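Summary of structural features
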Amino acid sequence: MRSQHAHTLARANPTGRLVLSGNSASLASEHQLVPSGAKSLLALHERLGPGEYVWDDTGVAPGTLLIWIDLERQLISIFRAGHEIGTSVILYGAGEHPTPLGRFSILRKDRDYHSRSYDAPMPYALFVTDDGVALHASPQGIGRATHGCIGLPERFAKLVFDNSSIGDKVTIVKTERVLSEQVSTRLLET
């Protein structure tokens, strides 16, 4: 079920959510695995691969998005009202073009942006810095990277674009891998 088509059919409507207890939510937030105030996560039965995503906002009220990106785990999580409604594997910048860490806001949106600097399309661009760092659709695959941006599968990028607004918050972190694996294991045991 790892084919390009499988993620659309098998993962578009996951069953259930992992509801976080107060202690679990505090522990996960303390270690930057989720934002403060997280209430539930999408229940995934397998680790996502390049180009795969899940989006399920069933039963979650409309509202402001909070976007949480972890460069170490190469994941993005979209939260609304404390509930994760979308998650995907990402690409990010490395080497001479690292992706910045920190808290940002969506400054502007451009559905059909084309980078003049890199002569590259950046569809569904959500700009978070004045110097061009954005979340946008990008070809996915192992070994690929961006020039500091966050690259998303195209269908997922469209969902994020269509559901986000200027001013929505974006947090980019880089957790410690061993620590995040230990905390994740403890969360699943509670």
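Residues numbered from 1 in each chain as written. Predicted model: local features only at pLDDT ≥ 70, side-chain atom pairs only at ≥ 80, totals over all residues. Heavy atoms only, no water.

**Considerations on the sheet that holds strand β11 (residues 150–152)**
What counts is decided by this rule: Two strands form a pair only when DSSP identifies at least two bridges running between them. Numbered from the N terminus, helices here are DSSP runs of H or I no shorter than four residues, and strands are runs of E no shorter than two. Helix axes use the C-alpha atoms of the stretch in contact, all axes being lines fitted to C-alpha atoms, and the angles between their N-to-C directions lie in the range 0 to 180 degrees.
Here we have four strands laid out as an open sheet, ordered β8-β9-β10-β11, and mixed in their pairing. Edge positions in the sheet fall to β8 (108–115) and β11, since each of these pairs with one other strand and no more. Strand-to-strand twist across the sheet, computed as the mean angle between neighbouring axes with direction ignored, equals 30 degrees. As judged from the seven bridges shared by β8 and strand β9 (residues 120–127), these two strands associate in the antiparallel manner. The partner of His114 across the bridge, within β9, is Pro121.

**Concerning the environment of Leu48**
Cut-off, in case you're wondering: Burial classification: accessible surface area is computed with a 1.4 Å probe over protein chains only, and a residue below 20% of its type maximum counts as buried, one above 50% as exposed, and the rest as partly exposed.
Looking at the element boundaries, Leu48 is found in the loop between β2 (40–42) and β3 (53–55). Using a relative accessible area of 11% as the deciding quantity, one classes Leu48 as buried. Once the C-alpha coordinates of Leu48 and Val89 are considered, the two residues, 41 residues apart in sequence, prove to be 6.5 Å apart.

**Points about the side chain of Glu84**
Put simply, the rule is: His is not counted, nor are the chain ends; Lys and Arg add positive charge and Asp and Glu add negative charge. Take a side-chain nitrogen of Lys or Arg and a carboxyl oxygen of Asp or Glu: if they are within 4 Å of each other, that pair is a salt bridge. Distance and chemistry together define a polar contact, namely a pair of N or O atoms within 3.5 Å, with one atom able to donate a hydrogen and the other to accept it when in protein, and with adjacent residues in sequence counting only for side-chain atoms on both sides. Contacts: residue pairs with any heavy atoms within 4.5 Å of one another.
Secondary-structure assignment places Glu84 in strand β6 (residues 83–89). There is no salt bridge for the buried Glu84, and the closest opposite charge comes from Arg17, which lies 6.1 Å off by N-O distance. Separated by 2.6 Å, the side chains of Glu84 and Ser77 make a polar contact. Those residues in contact with Glu84, other than ones at most four positions away along the chain, are Arg17, Ser40, Leu41, Leu42, Asp56, Ser77, Ile78 and Phe79.

**Observations concerning the packing of aromatic side chains**
Note the following rule: Pairing of aromatic rings covers Phe, Tyr and Trp, the last through its six-membered ring, and needs centres within 6.5 Å; plane angles under 30 degrees mean stacked, over 60 mean edge-to-face, and all others mean tilted. Working rule: Lys NZ or Arg CZ, within 6 Å of ring centre, within 35 degrees of ring normal, means a charge sits over the ring.
As enumerated under the stated definition, the model contains four aromatic pairs in all. Considering the side-chain rings of Tyr53 and Phe156, the 5.8 Å spacing of their centres and the 50 degrees angle between planes classify their relative orientation as tilted. In this pair, Tyr53 is assigned in strand β3 and Phe156 in helix α3 (residues 154–163), connecting sequence segments 103 residues apart. Across this residue pair, the class does not change: Tyr53 and Phe156 are buried. Measuring from ring centre to ring centre gives 5.8 Å for Tyr124 and Phe161, while their planes differ by 65 degrees; the resulting arrangement is edge-to-face. One end of the pair, Tyr124, is in strand β9; the other, Phe161, is in helix α3, and 37 residues separate them in sequence. Residue classification places Phe161 among the buried positions, given a relative accessible area of 6%. Taken together, the ring pairs connect Tyr53, Trp55 and Phe156 into an aromatic cluster. The ring of Phe127 has Arg108 lying over it, and the distance from NZ or CZ to the ring centre is 3.9 Å.

**Description of the nonpolar core**
Our working rule: Only buried residues count toward a nonpolar core, which is a set of Ala, Val, Leu, Ile, Met, Phe, Trp, Tyr and Cys residues joined through side-chain atoms within 4.5 Å.
One finds Ile67, Ile69, Ile76, Ile78, Leu135 and Val170 to be the most contacted residues of the largest nonpolar core, which totals 27 residues. Those elements that provide at least two residues to this core are β3, β4 (65–70), β5 (75–80), β9, β10 (134–137), β11, α3 and β12 (169–173). By residue number, the principal contributor to this core is α3, which donates four residues. If we ignore the near neighbours within four places in the chain, the residues touching Leu135 are Ile67, Ile69, Ile76, Tyr124, Ala125, Leu126, Val128, Ile150, Leu152 and Val170. In this structure, Ala25, Leu41, Phe79 and Val173 belong to the second largest nonpolar core, which totals 10 residues.

**Details of the confidence of the model for the protein**
Operational definition: Each residue gets a pLDDT score, which is the predictor's confidence in that residue and runs from 0 to 100.
Residue-level pLDDT values for the protein average 83, and 81% of them are 70 or greater. Low pLDDT (under 50) marks residues 1–15, which in the prediction has 28 contacts with non-local residues, meaning those over four places away or in another chain.

**Topic: α3**
The test is simple: Each C-beta atom gives one direction from the helix axis, and the arc is the one those directions make.
Among all positions of α3, only Phe156, Ala157, Val160 and Phe161 are buried. For α3, the arc enclosing every buried residue in end-on projection is 135 degrees, short of the 170-degree limit, so these residues lie on one face.

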